[in-house]
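# Summary of the model geometry
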Amino acid sequence: MLTIPLLLIYVALCFSPTESSIDNSKANIQPQVTLRTWEQAIAMAKSFIAQLTLQEKCHLTAGVGGTCAGNIASLPRVNFSGFCLLDTPSGVGDGVLYSTAFVSGIHIAATWDRDLFYRRAVAIGKEFRGKGIHYAFGPMINMDRNARHGRNWEGFGSDPYLSGENAFFYTQGVQDQGVVATPKHYICNEQDTHRSGDNDDVVYSANLDDKTMHEIYLWPFASSVAAGAGSIMCSANEINDTRACQNNKTQNGLLKGELGYMGNILTDWMGAKSTVDPVLSGLDIDMPGNDGYFGDTLVSFVQNGSILESRIDDMAIRIIAPHYLVGQDQNYPTVDLDRNVTGNNYIINREASRAGMILLKNVNNVLPFNSSIDTNIYIYGQAAGQTTCGLEQTAWNANCGGALYQGGGSGFVRPAYAIDPLTALMQKGRDDHLQIRYITNQNDFASINRTFNDRGFQNAKCLVFISAWSEEGVDRTDLYAFDNGEQLVLTVAQNCRQTIVLVNSVSQLNLERWIDHPNVVAVLWTGTPGPEYGSALVDVLFGSYNPGAKLVFSLAKKDSDFGTDISPTGDSNYTEGVFLDYRHFDKYNITARYSFGFGLSYTTFSFAKLDISQANDDVDKNSPASLYKQHRMRPYNNFGHSGLYDPVYTVTFTIQNTGKYYGSEVAQLYLDFPAEAQEPLKILRGFERIYLEPNELKEVALVLSRKDISYWNVINQQWTVASGSYTAWISTSANNADIKLQSSFNV
């Protein structure tokens, strides 16, 4: 486990602009990892490919059959053993043994805690490295544009800044372990309906304008590039009527050109549909490679002049350079997908699990429970117990039920174990001498109704578990709970004066059928919390952990309030532009049930003394701006030369815990831009999760980079700082009612 003191030492080491040695030996099983700059890695890659024949260089560009999900072939003549590529993004996937099923992307994002973003990614990277896997297919950073998208659980929510911060620290956490991160799916892959066009199906085209592309969908990919990502996976859909993996504008123009990306682009499975166009448009690797478009096929296209050999060299360099970038040439483990390298990763997983649970409602502080008083607990719902079909459901089976630890599809990680809520609550009942009754068959209303006449029921606390599943390949049909969970809540609430609802959901859910019932006194959004679910939940319910997570999307009163939905046709028109989620709610004055960024705590906080000043990182090496840069520096960073990521303003304020519990608050910085920028009313541009003892006061500093205060100028084709007055708000959600402090600054 990487402790905070080690992290600080680690950051200091990584401040070196050239090479850095990272010592992970105490953290788990790894020896030193030497990281390099892109310039060093590219020079080494050029030296390596100078040894290769044309056919050998071409051979690198297509996947081959092998042990892993994706495999780059070995070249024995030059002692190159090839690469193993595997699905993640929440752990080592594709059904291997002895892997930690970490909390999902949507769950870790809800922690709003950069330290946890990074430490989870470190643990994921260690397991990949320990099994000898070279590439991790993550993070998944497509935006939560459509609430019904089947893969929302893999990503980081509906805001590009929050997604970008998650992408940045995921990329660095994985690559600091010597594993190549592969952000996906580039780009605008916000639905699974018609996503690929395979089997003669129509493929959808994401149609959007230049400003929307830059400010929403490209933003998290740009953050990954800045972090130093070695590989990026292109998507199967079209963008403005051209396939993503042969889209010259998005691959050569935006990614490799504008962002200065130096790694490789590989396809989502079967993403290539031809040879010449994808190669010339910037694609470097075809996966899984059995379609005959790349690999040895390229030799004849070079020989007939359709493709220049210099482009083949460029592809080969981009394929090999990440290998040197993250030090895979230094005693990298051999591939053994079933090697047990889980170590004590359950500890960070439990911490992330409880840190991502969101308290939405808590009337009269019914939570946390007091074991000496709240001794009579009734539990209802299939989502409280273990599934009847085992833990390996990559696709949903309505007959199985049970608690959900993650969603389905290629992002599913085969869990080594899983602790359901019912089991953990029973253990708590034994230890604290509680009376616990349960019914997990939520359609057995006869048995449910009988419990309401039990002796002592009138003083009971009733826990109602509901769930919603989604998976890759199919989008959700609606935003309601599985197996008529709404009726279960209403049935219990009509009879139990203290009903607490636990929402075990992959992403957005419509709560309106029951949320205002007077007997629904608390709601805890448990998300997709991984296999430590039960233990983490007990921590939260009984107060040994104070919830502090926040929503990463809005919860609407009506599904139509979102303003976007899955397109059933071949065109998905992003006509909302940059007005996504809370930005859309603000524009049309729509009141959300619970706003983006919302979440309660068992304690209370006060804010004061907001100040905004120009950054002074060049003067004071211990200033917030300087520390901000140091915490992000790695040898393999790719911040470019535009200064976009340079700190320009520091925003400081104080926060105090005014309650009686140790806990955390997420301070969120929203900006209102000058009219020139044509931006939404407020945009998230900073956050910090602050942990405080009762009565403790702390000064917090948030840093604004040049990009944070810029808009994409479609005329000048560059990021531009608007002239005029900016308004800054410190808030605890995107709801105006939660704004705590306000100030302005002129640029």
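This structure is a prediction, so every number in the text was calculated from the model and none was measured.

### Examining the overall build of the protein chain
- For the protein chain, the count of helices and strands is 19 helices and 27 strands.
- In summary, the protein chain has a C-alpha radius of gyration of 25 Å against a globular reference of 27 Å for 747 residues, a match within 12%.
- Along the three orthogonal principal directions, the C-alpha set of the protein chain runs to about 85 × 60 × 55 Å.
- Within the protein chain, buried positions represent 66% of all 747 residues.
- In the protein chain, 76% of the contacts between residues at least 6 apart in sequence involve partners at least 24 apart.

### Brief notes about the packing of aromatic side chains
- For the coordinates displayed, the defined rule picks out 31 aromatic pairs.
- Ring geometry for F562 against F585: centres 6.1 Å apart, planes inclined by 75 degrees, an arrangement best described as edge-to-face. Of this pair, F562 sits in the loop between α17 (533–541) and β18 (571–573) while F585 sits in helix α18 (residues 582–587); the two residues are 23 residues apart in sequence, bridging distant segments of the chain. Like F562, the residue F585 is buried in the burial classification.
- On the numbers, 6.1 Å between centres and 40 degrees between planes, the contact of F607 with F653 is tilted. Here F607, found in strand β19 (residues 605–614), pairs with F653, found in strand β20 (residues 647–657); they are 46 residues apart in sequence, far enough to count as distant.

### As for the domain arrangement of the protein chain
- According to the domain assignment, the protein chain consists of domain 1 (39–326), domain 2 (345–553) and domain 3 (603–746).
- Centre-to-centre, using C-alpha coordinates, domain 1 lies 30 Å away from domain 3.
- If you look at the interface, domain 1 gives 33 residues, while domain 3 gives 27 residues.
- Of the roughly 2700 Å² buried between domain 1 and domain 3 on both sides combined, carbon and sulfur atoms contribute 52%.
- Its largest share of buried area at the contact with domain 3, domain 1 owes to W112, Y161 and W219, together 25% of the area lost on that side.
- Counting across the interface, domain 1 meets domain 3 through four salt bridges.
- In this structure, E679 engages K211 in a salt bridge whose closest nitrogen and oxygen atoms are separated by 3.6 Å.
- For the interface between domain 1 and domain 3, the tally reads 18 residue pairs in polar contact (both at pLDDT 80 or more).
- When contributions to the side of domain 1 that touches domain 3 are tallied by element, the ones reaching two or more residues are α5 (114–130), α6 (160–175), α7 (210–217) and α8 (219–227).
- With eight residues, α6 is the single largest residue contributor to the side of domain 1 that touches domain 3.

### Some words on the environment of D475
- Mapping D475 onto the fold places it in the loop between β15 (461–468) and α16 (485–493).
- Owing to a relative accessible area of 8%, D475 belongs among the buried residues under this scheme.
- Distance from D475 to R689, taken between C-alpha atoms, is 32 Å for residues 214 residues apart in sequence.
- With residues near it in sequence (within four places) discarded, D475 still touches R148, H149, G150, Q191, D192, T193 and I566.
- Separated by 3.1 Å, the side chain of D475 and the backbone nitrogen of D192 make a polar contact.
- Reaching out from D475, the side chain makes a polar contact with the side chain of T193 at a distance of 2.6 Å.

### Notes on a nonpolar patch on the surface
- Among the surface-exposed residues, Y346, I347 and Y417 lie close enough to one another that they form a single nonpolar patch of about 270 Å² accessible area.
- In this fold, I347 is placed in helix α13 (residues 346–355).
- Residue classification places I347 among the partly exposed positions, given a relative accessible area of 39%.

### Considering the pattern of salt bridges
- Enumeration over the complete set of coordinates arrives at 34 salt bridges.
- The closest approach of N and O atoms between E165 and R114, which form a salt bridge, is 2.8 Å. Placement of E165 in helix α6 and of R114 in helix α5 is noted, with a sequence separation of 51 residues between them. As far as the burial class goes, E165 and R114 line up, both buried.
- Three or more residues joined by partner-sharing salt bridges are found here, namely R151, E154, D192, R195 and E472.

### Examining empty space enclosed by the protein
- For the structure shown, the criterion picks out five cavities of 30 Å³ or more.
- The volume enclosed by the largest cavity comes to roughly 120 Å³.
- If you go around the largest cavity, the residues you meet are T387, G390, L391, Q393, G401, A403, L404, Y405, Q406, F412, P415 and W469.
- Tallied by class, residues from the lining of the largest cavity come to seven nonpolar, five polar and no charged.
- I106, A110, I358, W525 and G527 are the residues nearest the centre of the second largest cavity, which is lined by 13 residues in total.
- A per-element tally of the lining of the second largest cavity places helix α4 (residues 105–110) first, with three residues.
- For the lining of the second largest cavity, a count of residues per class yields seven nonpolar, six polar and no charged.
- Taken domain by domain, the lining of the second largest cavity gets at least three of its residues from each of domain 1 (39–326) and domain 2 (345–553).

### Some thoughts on unusual backbone geometry
- Cis peptide bonds are those with omega within 30 degrees of zero, and the linkage from T88 to P89 qualifies with -10 degrees.
- Mapped onto the elements, P89 comes out in the loop between β4 (83–87) and α4.
- With an omega of -5 degrees, the peptide bond running from K184 to H185 counts as cis.
- Assignment of secondary structure puts H185 in the loop between β6 (180–181) and β7 (205–207).
- Phi angles above zero are rare outside glycine, and H433 is one such case at about 60 degrees.

### Side note on the sheet that holds strand β27 (residues 739–746)
- Ordered in space as β22-β21-β26-β27, the four strands form an open sheet in which the pairing is antiparallel. Among the strands making up the open sheet, the edge pair consists of β22 (683–692) and β27. The sheet shows a mean angle of 20 degrees between the axes of neighbouring strands, direction not considered.
- Pairing analysis gives seven bridges linking strand β26 (residues 725–731) to β27, with the strands arranged antiparallel. Paired with A728 across the bridge in β27 is S743.

### Let's talk about the UniProt feature "domain: Fibronectin type III-like" (unreviewed entry) in the protein chain
- Under the UniProt annotation, "domain: Fibronectin type III-like" (unreviewed entry) lies at residues 665–734.
- In the segment residues 665–734, helix accounts for 0% and strand for 60%; the C-alpha atoms at its two ends are 14 Å apart.

### Let's talk about the sheet that holds strand β3 (residues 70–72)
- Across the sheet, four strands lie side by side as β3-β4-β5-β6; this open sheet has mixed pairing. The outermost strands of the open sheet, each flanked by one partner alone, are β3 and β6.

### Some thoughts on the state of the cysteines
- Following the criterion strictly, the structure yields four disulfides and no others.
- Between the sulfur atoms of C68 and its disulfide partner C84 the distance amounts to 1.9 Å. One disulfide, between C68 and C84, carries an S-S torsion of -100 degrees and so falls in the left-handed class. With C68 in the loop between α3 (54–59) and β3 and C84 in strand β4, the pair connects residues that are 16 residues apart, well separated along the chain.
- Since its relative accessible area comes to 8%, C68 is described here as buried.

### Structural notes on the side chain of S601
- As for its position among the elements, S601 is in the loop between α18 and β19.
- A polar atom in the side chain of S601 sits 3.1 Å from the side chain of N546.
- Among the polar contacts listed, one links the side chain of S601 to the backbone nitrogen of T603, at a separation of 3.1 Å.
- Residue contacts for S601: discarding those within four places in its chain leaves L359, N546, P547 and S664.

What counts, and where the lines are drawn
- Residues numbered from 1 in each chain as written.
- Predicted model: local features only at pLDDT ≥ 70, side-chain atom pairs only at ≥ 80, totals over all residues.
- Heavy atoms only, no water.
- Helix = DSSP H or I, 4+ residues; strand = E, 2+ residues; numbered from the N terminus.
- Rg over C-alpha atoms; globule rule 2.2 N^0.38 Å.
- Buried < 20%, exposed > 50% of the residue type's maximum accessible area, 1.4 Å probe, protein only.
- Contact = heavy atoms within 4.5 Å.
- Phe/Tyr/Trp six-rings, centres within 6.5 Å; stacked < 30°, edge-to-face > 60°.
- Domains from an automatic or database assignment.
- Buried area = accessible area lost by both parts, 1.4 Å probe.
- Salt bridge = Lys/Arg side-chain N within 4 Å of Asp/Glu carboxyl O.
- Polar contact = N/O pair within 3.5 Å; in protein donor to acceptor, adjacent residues only side chain to side chain.
- Patch = residues over 30% accessible without salt bridge, like charges linked within 9 Å, V, L, I, M, F, W, Y side chains within 5 Å.
- Areas by Shrake-Rupley, 256 points an atom, 1.4 Å probe, with all protein chains shown as cover.
- 1 Å grid on protein atoms, 1.4 Å probe; cavity = no way out; pocket = protein on both sides within 12 Å on 5 of 7 lines; lining within 4 Å.
- Points joined across faces, edges and corners; volume = space filled by probe spheres on them.
- Nonpolar A, V, L, I, M, F, W, Y, C, P; charged D, E, K, R; others polar.
- Pairing = 2+ DSSP bridges.
- Axes fitted to C-alpha atoms, helices over the stretch in contact; angles between N-to-C directions.
- UniProt positions renumbered as here; feature names shortened; annotations may be inferred.
- Disulfide = S-S within 2.5 Å.

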